[in-house]
Amino acid sequence: MNYLINEDNLSITDRILKVNNISKDKLDVSSFFIDEDIEIVNRFKEGLLENKDKKFLIVGDYDCDGICATTIIKRLLDNLGIKANFYIPSRTLEGYGLNNKIVETAINNDFDCLFL
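Draft legend 1. Representation of the sheet that holds strand 3 (residues 113–115). Ordered by their spatial adjacency, three strands build an open sheet running 2-1-3, and the pairing between neighbours is parallel. Two strands close off the open sheet at either side, each with one partner strand: strand 2 (84–87) and strand 3. Geometrically, the sheet is characterised by an average inter-axis angle of 30 degrees between neighbouring strands, direction not taken into account. Here strand 1 (residues 56–59) pairs with strand 3 via three bridges, running parallel. From the neighbouring strand, Ile58 faces strand 3, where its bridge partner is Phe115.

Next comes the structure, spelled out in C-alpha cells:
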C-alpha cells in the first residue's frame, strides 16, 4: 500500500481518505438518528437547556478520542445556543484529567460549569 500521496491540491483529510480508499460520502453522519423518545436523552437535553444562561468550560483530553469528544460536546452546546469554550491540558505539563489549576482557571474566567 502506498502511504505517501504527493498531490499538493489535496487536503490532509482527502489524502488520508485516498490512502485508505474511503469515499467522502461514507463520512456523512447527517442521516444518523437519535431516538428522542429515550428518556435519558430528553433529561440530559432539558438539563442543558435549563442552564442555557451559564458559561461552560469543556475539559477534554489530548488523545484522539478526547479531542473528538470535546469537538462533539462543543458542537452540541453551540447548537443549543449555550456559551462554551474548551481546554485541552498538556499531559506532560499538567498531568492527566482534571486538576486544581484547571478549576481555578475556570473560576477566574467566570465559567459556571465544567463539562468533563
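What follows picks up the thread again.
Draft legend 2. Molecular detail of the environment of Ile22. In this structure, Ile22 sits in the loop between helix 1 (12–19) and helix 2 (39–50). With residues up to four places along the chain from it excluded, the contact list for Ile22 reads Leu17 and Leu27.

Draft legend 3. Layout of the pairing of strand 1. Of the two faces of strand 1, the one lined by Phe56 and Ile58 and the one lined by Leu57 and Val59 are each fully buried. As paired elements, strand 1 and strand 2 share four bridges and run parallel to each other. If you follow Val59 over to strand 2, its bridge partner there is Tyr87. Chirality of the crossover, the property in question, places the unit of strand 1, helix 3 (residues 64–79) and strand 2 among those that are right-handed.

Draft legend 4. Summary view of the environment of Gly97. With respect to the helices and strands, Gly97 occurs in the loop between helix 4 (91–94) and helix 5 (100–108). Its relative accessible area of 26% is what places Gly97 among the partly exposed residues. Between the alpha carbons of Gly97 and Leu116 there is a distance of 8.7 Å; along the sequence they are 19 residues apart.

Analysis parameters
- Residues numbered from 1 in each chain as written.
- Predicted model: local features only at pLDDT ≥ 70, side-chain atom pairs only at ≥ 80, totals over all residues.
- Heavy atoms only, no water.
- Pairing = 2+ DSSP bridges.
- Helix = DSSP H or I, 4+ residues; strand = E, 2+ residues; numbered from the N terminus.
- Axes fitted to C-alpha atoms, helices over the stretch in contact; angles between N-to-C directions.
- Contact = heavy atoms within 4.5 Å.
- Buried < 20%, exposed > 50% of the residue type's maximum accessible area, 1.4 Å probe, protein only.
- Right-handed = clockwise from strand over helix to strand, strands pointing away.

Interpretation note: all reported values are geometric properties and have no functional meaning in isolation.
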